[in-house]
Amino acid sequence: MRYKVTFAVGLALGYVLGTRAGRERYEQLKKSAREFAQNPAVRNAAESAGQSGREFAGKAYAAVSDKVGDAMPDALAGRVRGLRARVGGGGAGEDDWGTSNT
């Protein structure tokens, strides 16, 4: 219940601020968010989090595949094998899901 109330309060606050602030404030917030996202420290943190996630996915696949065996769908197994090869090989470009490694 607490989360629903928090969500409703946040939604109402966002609506009120959005209607009062207008386009100029929106553009200012958008510019600030873009600058934040382009900050090298933020980009490095996001990249290391992504790398950790990929490593965890590979380890999880290995643990699950030992228990599940041949029941794993071929499409999923192929994507994870590609992911594991890229993490181990340090390849660049796009992964099997079409996302870039930049």
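Everything here concerns the structure above.
Residues numbered from 1 in each chain as written. Predicted model: local features only at pLDDT ≥ 70, side-chain atom pairs only at ≥ 80, totals over all residues. Heavy atoms only, no water.

### Considering the overall build of the chain
Here comes step 1: Counting its regular elements, the chain contains three helices and zero strands.
Here comes step 2: Ordered by position in the sequence, the α and β elements of the chain form the string α-α-α.
Here comes step 3: Relative to its 102 residues, the chain shows a buried fraction of 10%.
Here comes step 4: Expressed as a percentage of contacts within the chain between residues at least 6 apart in sequence, the contacts between residues at least 24 apart total 25%.
Here comes step 5: Entry remark: accessible area of the chain is about 8300 Å², with carbon and sulfur atoms responsible for 58%. (Helix = DSSP H or I, 4+ residues; strand = E, 2+ residues; numbered from the N terminus. Buried < 20%, exposed > 50% of the residue type's maximum accessible area, 1.4 Å probe, protein only. Contact = heavy atoms within 4.5 Å. Areas by Shrake-Rupley, 256 points an atom, 1.4 Å probe, with all protein chains shown as cover.)

### Some thoughts on helix H2 (residues 40-68)
Here comes step 1: Look at H2: 41 Å from first C-alpha to last across 29 residues, which is about the 42 Å you get at 1.5 Å a residue.
Here comes step 2: Restricting attention to buried positions, one finds in H2 the residues Arg54, Gly58, Tyr61 and Ser65.
Here comes step 3: Of the residues flanking the start of H2, the one acting as N-cap is Asn39, its side-chain oxygen 3.0 Å from the backbone nitrogen of Ala41. (Expected span 1.5 Å × (residues − 1). Polar contact = N/O pair within 3.5 Å; in protein donor to acceptor, adjacent residues only side chain to side chain.)

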